[in-house]
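Fold and contact review
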Amino acid sequence: MLDSLMDWLVSTPINGLVLNYAWSWPTLESLHFLALCTLMGSLMIMDLRLIGFNRIIPLQAVHSLMPVAIVSFAINLITGLGFIFGDPHTYFANWAFWAKMLLVVLAGLNFLLYFTKVEPTILKLGPNEPTPMLAKAVGSLSLIFWFGVLSFGRLLPYLGTGGG
Amino acid sequence: MGFLTWLEATQFPAEWVRSSIAGYPSMIALHALGMAIMVGLSLLLDLRILGWFAGIPLQSLRRFFGLAWIGFGINFFSGSFLFSAQATSYIVDWVFMTKMTLVLLGAVTAGFLQPAVAKVAPGAELSGGTKAVAGVAIVIWVVAIVMGRLTAYL
């Protein structure tokens with residue numbers, strides 16, 4: 001099944017777009033790096049506040065950074081798909097790639113937990129009020145998962161044996 | 001050049017970074033981590049200074065700048081190690097040298113903005129000059145990241 005998926009990925013025009021121009025890959029990489037910075041920057045401010053750092057920030061205000069995180073993630077999803085369309089065989093054969101994807105999924109599930117259980121309670125809290133235990137846990141897990149995504153992403157070419 | 005030639009010939013860190021299993025990957029991973037902390041936080045703090053996310057009190061930015069410097073420290077350390085491995089090639093690479101200049105300028109903007117936002121009274125506005133520095137800082141960081149990535153291609 002993975003083989004037919006890889007065959008399809010390399011048969012698409014996106015594959016040619018990513019591979020046939022010298023500037024495509026470095027452009028995708030630059031965008032991937034820029035958006036990872038804004039993703040991690042916005043997450044650090046939000047998650048650290050959830051954990052209890054810098055309590056003078058109202059939780060409602062810290063929440064205004066959420067669109068930055070979502071747009072940054074969308075950019076990295078799109079540019080990341082560009083890499084996969086360009087060179088699926090290398091990525092799919094690399095265990096570090098799958099570890100990174102697993103962490104992205106875990107971070108997504110953690111976000112769902114935030115969205116359904118944490119956000120409704122914390123938006124009612126006043127300034128300087130301590131956040132509930134669940135909020136601290138979700139904030140900590142978010143930082144662990146996303147810094148894991150970053151580390152596995154950067155180590156991908158050195159950890160896996162996919163060649164390339 | 002004498003110093004750089006010597007540095008590049010050292011067993012540690014230069015040879016360790018070049019040929020050990022852990023050397024280059026560990027330093028490059030730390031470099032990505034420090035980048036996310038320093039540049040990620042700086043970009044968001046600069047946007048706040050420009051007026052975005054106005055609900056976040058300016059007085060709260062000082063502690064995030066403090067965290068950003070930890071990222072800068074990680075990258076000064078990991079970057080020095082990576083530099084040692086190819087010192088004589090990096091020093092004549094204009095893309096790398098442009099990146100280094102921009103990173104130093106970016107650090108200068110953070111060093112200027114951190115005390116500037118700490119001093120502002122609650123409810124008071126930041127000066128136009130402070131906002132201009134934040135705007136310039138965003139451009140500096142964006143170009144620095146792109147140049148840093150392109151260093152791998154030259």
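This text gives an overview of the structure that appears in the document.

On the chain B side, the residues contacting the 28 residues of chain A number 26 residues. Breaking the side of chain A that touches chain B down by element, the ones donating at least two residues are helix 3 (24-51), helix 4 (59-62) and helix 8 (133-159) of chain A. Looking at which element gives the most residues to the side of chain A that touches chain B, the answer is helix 3 of chain A, with 13 residues. Here the residues of the side of chain A that touches chain B are counted per class, giving 18 nonpolar, eight polar and two charged.

B:Phe12 connects to B:Pro13 through a cis peptide bond whose omega is 10°. The residue B:Pro13 is located in helix 2 (residues 11-19) in this model. Although it is not a glycine, A:Asn54 sits at a positive phi angle of roughly 60°. For B:Phe53, which is not a glycine, the phi torsion comes out positive at approximately 50°. By C-beta crowding, B:Phe53 is classed as buried, having 20 other C-beta atoms within 10 Å.

Among the nonpolar cores identified, the biggest contains 69 residues, and A:Cys37, A:Met40 and B:Ala36 are the most heavily contacted of them. Contacts of B:Ala36, omitting those with residues within four sequence positions, involve A:Leu36, A:Cys37, A:Met40 and A:Leu150. Counting residues in hydrophobic clusters, the runner-up holds nine residues, among them B:Met27, B:Phe81, B:Phe83 and B:Ala85.

Right, let's talk about helix 8 of chain A for a bit. Of all the bends found along helix 8 of chain A, the most pronounced is centred on A:Gly153 and spans about 35°, while A:Pro157, a proline, follows it within four residues. Along helix 8 of chain A, the residues that are buried comprise A:Ala135, A:Val138, A:Gly139, A:Ser142, A:Phe145, A:Trp146, A:Val149, A:Leu150, A:Phe152, A:Gly153, A:Arg154 and A:Leu156. Buried residues in helix 8 of chain A make contact with helix 3 and helix 7 (95-122) of chain A together with helix 3 (23-50) of chain B.

The rules behind each value
Residues numbered from 1 in each chain as written. Chains lettered and ligands numbered in written order. Predicted model: local features only at pLDDT ≥ 70, side-chain atom pairs only at ≥ 80, totals over all residues. Contact = placed C-beta atoms within 7 Å. Helix = DSSP H or I, 4+ residues; strand = E, 2+ residues; numbered from the N terminus. Nonpolar A, V, L, I, M, F, W, Y, C, P; charged D, E, K, R; others polar. Buried ≥ 20, exposed ≤ 12 C-beta atoms within 10 Å, placed from the backbone. Core = buried A, V, L, I, M, F, W, Y, C linked by C-beta atoms within 7 Å. Bend = angle between axes of the 7 residues up to and from the residue.

Shape descriptors only; they carry no functional weight alone.
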